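Here's the letter readout for the chains.
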Amino acid sequence: AETSMTYEQRKQERQALIDHLMVQDWNVFGTLKFVNGRAIGRSSADKLLRSYWNKMDRVMFGKAAERQNMRVPRWCFAHEGSDHENYHVHFVMKSASNNTETMCCLLNAVWAQHHTQTAPLAKNWIMPVQDRAAVASYVTHEYWRMGSDTILDKLSWTVEQSYYLTDHALDEHYTQQQAQRIQRAASPLWLRQAQQALDDQKAAYEACSDLQMMERG
């Protein structure tokens, strides 16, 4: 009876999490992988993720990331795979750029170059969201197994904690500085290769529209 209780409780908690996600503002869905999801271990993975998101915040917002706590709003979820041996992270976020595809490419290029343990461009999946309900269900699908451990609170950042369209964001000087930071973080060549990976993944997804595909490889 114990397990069916837990099952019922997790079912309700997962539904609450889905409902919460559905009212948030996000339009990018990503899967960040490691070269070896079996060997990475959760604490090393979380360290790499924390430094990655700090870097993305600095690329987008410069010194305001630290000084004013400006962050890219994001919700991150840990998944272990059915054999507990394929640690990877899913996230949803609001694009900090008007061009969502460009944002996807930048996120992938920065992760792929971040560390010897972070996966190459073609293994990570970072795409504009097409079906919010499918994505919300997908990112929470290990709730059964991991319970609230699946929610990476320390790596997530809600919109209330961030503020996007400050006067800054519309300021031309700020936009130029941001463009320079982006170029330092990911060269045009890296971004072109990331665009190629994105095009391939979008084509694969449109062919079978199964989010499960991104678990492979």
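Residues numbered from 1 in each chain as written. Predicted model: local features only at pLDDT ≥ 70, side-chain atom pairs only at ≥ 80, totals over all residues. Heavy atoms only, no water.

### So, the sheet that holds strand 4 (residues 125–128)
Link 1 in the chain: The 4 strands lie next to each other as 2-3-1-4, forming an open sheet whose pairing is antiparallel. Where the open sheet ends on each side, the last strands, each with one partner, are strand 2 (74–79) and strand 4. Strand-to-strand twist across the sheet, computed as the mean angle between neighbouring axes with direction ignored, equals 15°.
Link 2 in the chain: Strand direction decides the pairing type here: strand 1 (residues 28–32) and strand 4, joined by 4 bridges, are antiparallel. Looking at strand 4, one finds that V28 is bridged to P128.
Link 3 in the chain: Of the strands in this sheet, strand 1, strand 3 (88–93) and strand 4 are in contact with helix 4 (residues 100–112), which crosses strand 4 at around 170°.
Link 4 in the chain: Strands strand 1, strand 2 and strand 3 of the sheet are contacted by helix 5 (residues 132–139), whose axis makes an angle of about 145° with strand 3. (Pairing = 2+ DSSP bridges. Helix = DSSP H or I, 4+ residues; strand = E, 2+ residues; numbered from the N terminus. Axes fitted to C-alpha atoms, helices over the stretch in contact; angles between N-to-C directions. Contact = heavy atoms within 4.5 Å.)

### Topic: helix 8 (residues 188–208)
Link 1 in the chain: An ideal rise of 1.5 Å per residue puts 30 Å on 21 residues; helix 8 measures up with 30 Å between its terminal C-alpha atoms.
Link 2 in the chain: Those residues of helix 8 not exposed but buried are A194, A197, L198, Q201, K202 and Y205. With its buried residues spanning 140° around the axis, helix 8 presents them on a single face. Across from the buried face of helix 8, at angles greater than 90 degrees, the exposed residues are R192, E206 and A207.
Link 3 in the chain: In this structure, the buried side of helix 8 is in contact with helix 4 and strand 4. (Expected span 1.5 Å × (residues − 1). Buried < 20%, exposed > 50% of the residue type's maximum accessible area, 1.4 Å probe, protein only. Arc of directions from axis to C-beta.)

### Let's talk about the nonpolar core
Link 1 in the chain: Grouped together as the largest cluster of nonpolar side chains are 57 residues, with contacts concentrated most on M56, F91 and L107.
Link 2 in the chain: Residues contacting F91, with those up to four places away along its chain left out, are V28, F29, G30, T31, L32, W53, W75, C76, L107 and I126. (Core = buried A, V, L, I, M, F, W, Y, C linked by side-chain atoms within 4.5 Å.)

### Structural notes on the confidence of the model for the protein
Link 1 in the chain: In the predicted model, the protein carries a mean pLDDT of 82, and the fraction of residues at 70 or more is 80%.
Link 2 in the chain: The least confident element of the protein, judged by mean pLDDT, is helix 6 (residues 143–146) at 62; the most confident is helix 4 at 95. (pLDDT = per-residue confidence, 0-100.)

### Focus on the pairing of strand 3
Link 1 in the chain: Strand 3 sits mainly inside the fold: 6 of its 6 residues count as buried.
Link 2 in the chain: Side chains of strand 3 alternate between two faces, with H88, H90 and V92 and V89, F91 and M93 buried alike.
Link 3 in the chain: As paired strands, strand 1 and strand 3 are joined by 5 bridges and run antiparallel to one another. Looking across to strand 3, one finds that V28 is bridged to M93.
Link 4 in the chain: As judged from the 6 bridges shared by strand 2 and strand 3, these two strands associate in the antiparallel manner. Counted as the bridge partner of C76 is F91 from strand 3.

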